[in-house]
Amino acid sequence: MKYQSAVKLFFTKLPDNLVFLDIETTGLDPVKGARIVEIAMLKVCNGVEERYESLVNPGQPIPPECSKIHSICDDMVRNSPSFAEIAEDVISFIGNNAVVCHNASFDLLFVHRELYQAGMPVNNVYYIDTLKLARQYFSFDSNRLADIADAIGVEVELSHRAMADVLTMFSVAKYIFANMYRKGVDMIELFVYEYSTFG
């Protein structure tokens, strides 16, 4: 099955065949050794929603400054699987669907490097970046996910935990897609994330 190259927007419903993805990490740069400590995904296919989430043992201490952001500490992940142990589940869950992230280059670089380090085949992926869409089509005072949610009246709970952020992004995406449609945009061309082991 080939990846779709564009997503059709509809006024009354969210497009299908999308996986909303968010992660929490031990730092900002996976090239310098930062690892994933939590991953969450929400898949929408044929109008049916399916969730996946897991804490991840990064195999290294979680810096206190990161724990202050996402509230995930070493004790919470001590008995959690490594990313290598859930890599097949992550690939299977995404399948051939387009991935939706807020600041996709951050999330996808981490996920792709984790898959590579787990010895899994790493393919290019089609994606939608709600951060890019917010900047291109809207004029929010701030394009942070929580700030957009606040601006459009979406209640945010447990900000900076992966599934909470996925659900916030899902609500934000529905708002963005619907209002892009109102602006006369009825198709989103998908970006292609081309993974490089040097990136």
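Below or above, wherever it landed, is the structure these notes cover. Throughout, residues of each chain are indexed from 1 in the direction in which the sequence is written. Local features in a predicted model are, by the rule used here, given only for residues with pLDDT of at least 70; side-chain atom pairs are given and counted only at 80 or more, and totals for whole chains, interfaces and linings are based on all residues. With hydrogens and water excluded, all non-hydrogen atoms of the structure serve as input to the side-chain values.

## Thoughts on helix α7 (residues 162–182)
Only DSSP runs of H or I reaching four residues or more are called helices, and only runs of E reaching two or more are called strands; each is numbered from the N terminus. Between the first and last residue of a helix there are one fewer steps than residues, each counted as 1.5 Å, and that sum is the expected span. Helix length check: α7, at 21 residues, gives a terminal C-alpha distance of 30 Å against a target of 30 Å (1.5 Å per residue), a fit within 8%. Buried, partly exposed and exposed residues are distinguished by accessible area as a fraction of the type maximum, computed with a 1.4 Å probe on protein chains only: under 20%, between the cut-offs, and over 50%, respectively. α7 sits mainly inside the fold: 15 of its 21 residues count as buried. G184 sits one or two residues past α7 and shows a positive phi near 95 degrees.

## Here's the deal with the sheet that holds strand β2 (residues 18–25)
Here six strands make up an open sheet; going across it, the order is β4-β3-β2-β5-β6-β8 and the pairing mixed. What marks the edges here is a single partner per strand, and that holds for β4 (48–55) and β8 (191–193). Neighbour-to-neighbour, the strand axes of the sheet open up by a mean angle of 30 degrees, direction not taken into account. Here strand β5 (residues 98–101) runs beside strand β6 (residues 125–129); their pairing, made up of three bridges, is parallel. Note that in β6 the partner of V100 across the bridge is I128. Most of the contacts of helix α5 (residues 130–137) go to β6, to which it runs at about 45 degrees, and overall it touches β5, β6 and β8. In this description, strands pair whenever DSSP reports at least two bridges between them. To obtain an axis, a line is fitted to C-alpha atoms, over the contacting stretch when the element is a helix, and the angle between two such axes runs from 0 to 180 degrees between their N-to-C directions. Pairs of residues are marked as contacts when any of their non-hydrogen atoms sit within 4.5 Å.

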